[in-house]
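# Structural overview for review
So the chains spell out like this:
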Amino acid sequence: MTVGPWLIPLVVLVNGLAAGVLAGTQLGGWPLLQSLPAKEYVHAHAFFATRYDPFMPVCLVLTVLGDLALGVVTAAGLVRALFLAAGALAVATVVISLVKNVPVNKWVRALDPAHLPGDFAARDPRRNWGGWNRARTVLCTLALAANCVALGLLL
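Heads up: these notes are all about the structure in this document. This one's a predicted model, so the numbers in the text were calculated from it and none came from an experiment. (Residues numbered from 1 in each chain as written. Predicted model: local features only at pLDDT ≥ 70, side-chain atom pairs only at ≥ 80, totals over all residues. Heavy atoms only, no water.)

## Here we look at the overall build of the chain
Helix and strand counts for the chain come out as six helices and zero strands. When the elements of the chain are put in sequence order from the N terminus, they spell out α-α-α-α-α-α. Principal-axis analysis of the C-alpha atoms places the extent of the chain at approximately 60 × 20 × 20 Å. Residue burial in the chain is summarised as follows: out of 155 residues, 41% are buried. Sequence-distant contacts, at least 24 apart, represent 82% of the contacts inside the chain between residues at least 6 apart. (Helix = DSSP H or I, 4+ residues; strand = E, 2+ residues; numbered from the N terminus. Buried < 20%, exposed > 50% of the residue type's maximum accessible area, 1.4 Å probe, protein only. Contact = heavy atoms within 4.5 Å.)

## Examining the pattern of salt bridges
In the structure shown here, the tally under the stated rule is two salt bridges. Linking Asp124 and Arg126 is a salt bridge whose minimum nitrogen-to-oxygen distance equals 2.7 Å. The pair Asp124 / Arg126 is uniform in exposure class, with both members buried. (Salt bridge = Lys/Arg side-chain N within 4 Å of Asp/Glu carboxyl O.)

## Quick look at the side chain of Arg136
Tracing the backbone shows Arg136 in helix H6 (residues 126-154). Separated by 2.8 Å, the side chains of Arg136 and Ser97 make a polar contact. In this structure Arg136 touches Leu22, Thr93, Ile96, Ser97, Asn101 and Trp129, once residues within four positions along its chain are discounted. (Polar contact = N/O pair within 3.5 Å; in protein donor to acceptor, adjacent residues only side chain to side chain.)

## Focus: helix H1 (residues 7-35)
In this model H1 runs 41 Å from its N-terminal to its C-terminal C-alpha over 29 residues, within 8% of the 42 Å that 1.5 Å per residue would give. A bend of about 40° at Thr25 is the largest found in H1. (Expected span 1.5 Å × (residues − 1). Bend = angle between axes of the 7 residues up to and from the residue.)

## Some thoughts on the packing of H1 against helix H2 (residues 38-49)
Remark: H1 packs on H2, axes separated minimally by 9 Å, with the N-to-C direction vectors making an angle of 155°. When the axes of H1 and H2 are compared, the pair comes out roughly antiparallel. Crossing hand, H1 versus H2: left-handed. Two secondary-structure elements touch here, H1 through Gly29, Leu32 and Leu33 and H2 through Tyr41, Ala44, His45 and Phe48. (Axes fitted to C-alpha atoms, helices over the stretch in contact; angles between N-to-C directions. Parallel < 35°, antiparallel > 145°, perpendicular 65-115°, else oblique. Left-handed = near helix turned anticlockwise from the far one by under 90°.)

## Thoughts on the environment of Ala92
Relative to the helices and strands, Ala92 resides in helix H4 (residues 78-110). According to the relative accessible area criterion, Ala92 is partly exposed, its value standing at 27%. When the C-alpha atoms of Ala92 and Ala69 are compared, they prove to be 17 Å apart, with 23 residues separating the residues in sequence.

## Looking at the nonpolar core
The biggest cluster of nonpolar side chains holds 23 residues, and the ones touching the most others in it are Ala18, Met56, Leu70, Phe83 and Cys140. Elements represented by at least two residues in this core include exactly H1, helix H3 (55-73), H4 and H6. Per element, the largest residue contribution to this core is nine residues, and it comes from H1. Formed by 11 residues, the second largest nonpolar core is a distinct cluster that contains Leu36, Ala44, Val104 and Phe120. (Core = buried A, V, L, I, M, F, W, Y, C linked by side-chain atoms within 4.5 Å.)

## Observations concerning a nonpolar patch on the surface
Nonpolar side chains collect at one region of the surface, where Trp6, Leu10, Leu13, Leu17, Tyr52 and Phe55 lie side by side and expose about 550 Å² of accessible area between them. Tallying contributions element by element places H1 first for the nonpolar patch, with three residues. Along the chain, Tyr52 turns up in the loop between H2 and H3. The exposure class assigned to Tyr52 is partly exposed, which follows from its relative accessible area of 30%. (Patch = residues over 30% accessible without salt bridge, like charges linked within 9 Å, V, L, I, M, F, W, Y side chains within 5 Å. Areas by Shrake-Rupley, 256 points an atom, 1.4 Å probe, with all protein chains shown as cover.)

## Overview of the packing of H2 against H4
H4 packs onto H2 with a crossing angle of 125° between their chain directions and a minimal axis gap of 8 Å. Taken together, the axes of H2 and H4 are oblique relative to one another. Considering the relative orientation of H2 and H4, their crossing is left-handed. Counting all contacts with H2, which are made through Tyr41, Val42, His45, Ala46 and Ala49, the residues of H4 involved are Val104, Asn105, Val108 and Arg109. Grouping the amino acids of the contact of H2 with H4 by side-chain chemistry returns six nonpolar, two polar and one charged. (Nonpolar A, V, L, I, M, F, W, Y, C, P; charged D, E, K, R; others polar.)

Dropping the structure here:
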């Protein structure tokens, strides 16, 4: 392997941080958001949506780039496959974030909780946002598991 010995721990670190934030959101933030009345939900979601930028995108992009680099330079075999699988899982996490979660976050941040649109109940994004957040949490956590197994095999 020609990549410095620092890359694997860095990838595990940033992947773990991203998975941890997503798991924390799934275990704590999401149940709170789901239980709130509409006006309070909009206020709380807008607050949460601004707290993880640019932290989460940086962690996810570093995971993708690091895993792809490790997958390219690692000798063929199970470890290489694990790094590439982790990279693919991280890419899927990024895609879901960009296509499904970020647009909702932007829309909710643009709303005035005191003056919600009349059709807010019909457009309430919680059902879809929660499902997509759960999916990206699972994908990012699976990427972390693949990275940890790869690291374990190298040790």
